[in-house]
Amino acid sequence: MKKSAKKLCAIVLATAMAALTGCGGGADKAADTTAAGSEAAAPAETTAAVEVAEGESVSQDTDIVAAMLVDFTTMDPMDTSDTLSGGIQRMIMDGLFGFDDEMKIIPMLATEYEANDDATEFTIHLREGIQFSDGTPWNAEAAKANFDRWGDKELGLKRTTLLCNVLKSTEVVDEYTVKVTLESPFGAFIPTLAHPACVVMSPAIIAKGSEECAKNPVGTGQYTFVEWIAGESATVALNKDWWGYDPEICGGTALVDPDAGFKSVTFKPVSENATRVAMLQSGDAQLVWPVPTESIDALKADTNVAVGQEEGIVVRYLMMNNQKAPFNDVRVRQAINYAINKDAYCAVVKNGVATPATSIIGPAVQHYKGNDVYAYDPEKAKSLLAEAGYPDGFKTSLMCASTTSNLKQAEFLQQQLAQVGIDLEINALESAVVNQKTQDVDVPGSEAEVEMYIIGWSPSTGDADWGIRPLLAIESEPPMSYNLCYYENEEVDQLLKDALATADEQKRAEAYGKAQDIIWEESPLVCLANDANTWATSKNVVDVKVFPDNCLNIRNGKMAK
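Description of the structure in this document. (Residues numbered from 1 in each chain as written. Predicted model: local features only at pLDDT ≥ 70, side-chain atom pairs only at ≥ 80, totals over all residues. Heavy atoms only, no water.)

## Regarding the state of the cysteines
Inference 1: In this structure the tally under the stated criterion is 0 disulfides.
Inference 2: Lacking any disulfide linkage, cysteine 527 is separated from the closest cysteine sulfur, that of cysteine 485, by 9.0 Å. (Disulfide = S-S within 2.5 Å.)

Right under this line is the structure:
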C-alpha cells in the first residue's frame, strides 16, 4: 500500500489548520500539497474591505442577498454541468475531499486514504462524529450509497459518466472505512472525488430517487437547503451544528471560526449587469458575482463596496480543426498563435481582467507546467504561412454562440488574423445550434463542419487530467467530449494514460509536464488567456470570495457591526 498518500492527507489537513482561520478556513488548498510541476495562484486582491475583530461578527444573525448572472439549473450534483449550481451544492453538501482557495486538495468527510501503486484500489478513511442534516449518520454505509449512485449507469444524469465507467465495486471495511476498486488504473481518482458532482448526499434522499435529489438536497454542509423558486430565488440557511465548527471533529482546530457564516443567503438571478451593480450599491444585495468588467473601476472607487479579483482556472481557447486544411499543418497553427496579441486580447476583450495563458491549464491546476507565451509577431506569422504554402493567407470560418462576449472575442480575432492575410468569417448561431453542429456530431474531423471555435474550460477537479483529456485526447473527439480540435497525437495520448496509470504524484506531474510541452509546441489550439474571477460585497462583509473554478466560497464569511 502507498503509505505516502496517508501522510500527504495528514500534512494537507495540518497545514490548512495552521495557515487558515481554522483547518480549512475559506481556503481549501494548503501550500504543502502543491504537487511537482504546479504553482500556487496569486493571492486575491480585495479593495475597501473592513476588519472584523474576533467574536464580533454579526453575520450569523444577518440574512444576506447574493445577486448572480444566471439561475441555478438543478440541486442534484450528479445532474449538474454548470459551475453556478455546483457552488450552491457545495454549501449544502460536503465531499470526501475538497479544495482550499487555490484549488489544492484537502480532506473533508474523509481524513486520509491509501492507494495501491497502479491506482486501482483506494482505501478511504472517513471522518467520525458527523451526521447529515436529516439526522442520518455519516459512515461507511452512507459513503457506499453515494459511490453506488455515482457508478449507476442507468441514471442517465449529466455527470453519470464522471465515474460510472471507473468504479467497479465499493466495500464496507468497517464503520468508517471503505475500499473502492476501480475497473482500470485512474491516478486522478482523488481529485475527481473533489469535483462538485461528488459532494455527498444523505442516503435517505438517494433512496427516494433522482427527482427528490434535484428538489430537496440534504448533506452535511455548513448550510441547509430552504427553497428554490426557479427564475426567482434560492435560499439556504446556516447549519450551526455543522461539523466544521467543531475542533475535535476537525482534528484539533475548527474548519472555520465559531462566528463565521450568515443566518441565510438568498440567491437572486439578475442577468442585467447594471441592475446587479445597482443592487449592491443601494444595499439591496450584499454580494454580486461576477462583476461586469466595465464596472470594476467604478466599484473600486466606491468606498461602500469591496471588490475582489483573483486569477481563476478558466482558460480561453481558439480551437482549430487539426484534421482539415490548412490547420493540419503545424506551421499554420503556430502562425495563428504568433498573429494574436495575447496582451491586447486581455486588455480589449477582457478589459484587463485576465492574463495571457501559459499552458492549456491554469497555474492553480495540479500539475500545471507553464511555457513562454507566443510573442505577438505578425512577420513571423506571415513567414510561417508562406512556408506552409499560404503566402497570401486563406479564408476560414469561426463558429460560436451568438452572445455579446463571444462576438467581442470573435471580432477581435477577426481583426488580428486579417493583419496576416487570414480572412475570418464569423458564424454566430444560437447556442443549441452550435452544440448540434460541434458536439453532437459523429464523423471524422475532416468531415466535421467546424473549422475554428472559441471555448472556455475549467477543470473542476483541480487536476490536469480534467483540464487536458476532455479537450485533446483522441477518445474525446465528438460526440464523446470536447476535442473539437480533432487533435490526434499518440504520444500525448500515451502520456495522459501514463499519468492515470499511477497514484505516484511525481510520476503524474512528469507525464503531464511532457504533454503540456508537446501541446504548446504543436499548437492544436491557441491558449488565449486565464480569466480572473471577480466578486464584490458590501464593505462590511469580509472573507467572501470565489474558488478558482468560480464557485462561490463563503465558508469564512463574516460581517462587521
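## Brief notes about the packing of helix H15 (residues 464–472) against helix H17 (residues 505–522)
Inference 1: The interhelical angle for the contact between H15 and H17, taken along N-to-C directions, is 40°, at an axis separation of 11 Å. Our classification of the angle between H15 and H17 gives oblique. When the axes of H15 and H17 are compared, the crossing they make is left-handed. Where H15 approaches H17, its residues Ala464, Asp465, Ile468 and Leu472 are matched on the opposing element by Arg508, Tyr512, Gln516 and Ile519. (Axes fitted to C-alpha atoms, helices over the stretch in contact; angles between N-to-C directions. Helix = DSSP H or I, 4+ residues; strand = E, 2+ residues; numbered from the N terminus. Parallel < 35°, antiparallel > 145°, perpendicular 65-115°, else oblique. Left-handed = near helix turned anticlockwise from the far one by under 90°. Contact = heavy atoms within 4.5 Å.)

## Description of the sheet that holds strand E7 (residues 167–174)
Inference 1: Here we have 4 strands laid out as an open sheet, ordered E5-E6-E8-E7, and antiparallel in their pairing. Every other strand in the sheet has two partners, leaving strand E5 (110–115) and E7 as the edge strands with one partner each. Direction aside, the axes of adjacent strands within the sheet are offset by 20° on average.
Inference 2: In this sheet, strand E6 (residues 121–126) lies alongside E5 in antiparallel orientation, the contact comprising 5 bridges. Bridged to glutamate 114 within E6 is threonine 123.
Inference 3: Along the sheet face, helix H3 (residues 140–150) touches E6, E7 and strand E8 (177–182) and points at about 175° away from the line of E7. (Pairing = 2+ DSSP bridges.)

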